[in-house]
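Below are the chains, spelled out letter by letter.
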Amino acid sequence: MNRVLTASLTALCIAGLCLSPVMAQDAKGGDAGKDAKESKPEKTEKPEKPAKETKLGSKSGGGDASLAGRLAGFTVGLVGGIPVAIVRRTGIEIKQGVKDLVGDTDNWFIIIPAGTLAVPYGAVSGGASGVMYGVKNAWSGAGDQPFGKDSFSLGDNID
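Worth saying up front: this structure is predicted, and the values here are computed from it rather than measured.

Mapped onto the secondary structure, Val119 falls in helix H3 (residues 108-144). For the pair Val119 and Ile94, spaced 25 residues apart in the sequence, the C-alpha separation amounts to 5.7 Å.

Topologically, Ser151 is positioned in the segment after H3. A polar contact of 3.4 Å, which involves the side chain of Ser151, links it to the backbone oxygen of Gly73. Setting aside its immediate chain neighbours within four residues, Ser151 contacts Gly73, Gly77, Asn137, Ala138, Gly141, Ala142, Gln145 and Pro146.

Next up on the list: the environment of Gly155. Mapped onto the elements of the fold, Gly155 is located in the segment after H3. The spacing of Gly155 and Gly141 is 14 residues in sequence and 9.5 Å in space, taken between C-alpha atoms. Filtering out sequence-adjacent residues up to four positions away, Gly155 remains in contact with Arg88, Lys149 and Asp150.

In the structure shown here, the tally under the stated rule is one aromatic pair. Consider the rings of Phe74 and Trp139, whose centres lie 5.2 Å apart with planes at 85 degrees: the pair is edge-to-face. In this pair, Phe74 is assigned in helix H2 (residues 67-102) and Trp139 in helix H3, connecting sequence segments 65 residues apart. The exposure class of Phe74 is buried, given its relative accessible area of 18%. Lying across the ring of Trp139, Arg70 places its NZ or CZ 3.9 Å from the centre.

Further remarks concern unusual backbone geometry. Negative phi is the rule for most residues except glycine; trans is the rule for most peptide bonds. Even without being glycine, Ser153 reaches a positive phi, approximately 60 degrees. Inspection of the secondary structure assignment puts Ser153 in the segment after H3.

Rules and cut-offs
- Residues numbered from 1 in each chain as written.
- Predicted model: local features only at pLDDT ≥ 70, side-chain atom pairs only at ≥ 80, totals over all residues.
- Heavy atoms only, no water.
- Helix = DSSP H or I, 4+ residues; strand = E, 2+ residues; numbered from the N terminus.
- Polar contact = N/O pair within 3.5 Å; in protein donor to acceptor, adjacent residues only side chain to side chain.
- Contact = heavy atoms within 4.5 Å.
- Phe/Tyr/Trp six-rings, centres within 6.5 Å; stacked < 30°, edge-to-face > 60°.
- Buried < 20%, exposed > 50% of the residue type's maximum accessible area, 1.4 Å probe, protein only.
- Lys NZ or Arg CZ within 6 Å of the ring centre and 35° of its normal.

Encoded structure:
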């Protein structure tokens, strides 16, 4: 079984290496196999528009960090940012649950019992959404500043 798997993997690697010169292109977008005499002058391209700013202030173009730096920042952001996002989202969900139960009131005799009812809801909902927001913040924060506040879900916006 191991020999079949190794032979198949080796054959795929060799086939991929054999096909890579065929699929290669030069930097200007033309085919690598054309001669200099056959190629026509390229049209000048319009300058690209700047990337739009998102809510977190990061560019939607992917960021300036290298792939290795972004992956390292993403991994560290996951380990440190997910627990922070869970705690922050749990607090937000508990406050939202209390507001849903009692509305906008300042009466502590109503808020305290509603808070005890909202804690289980907030813990479950905040735990689930905190994981999602932690992963999202780690990836988007790793694009511009791999080890910044936004990567660890410590920025101003948790969303």
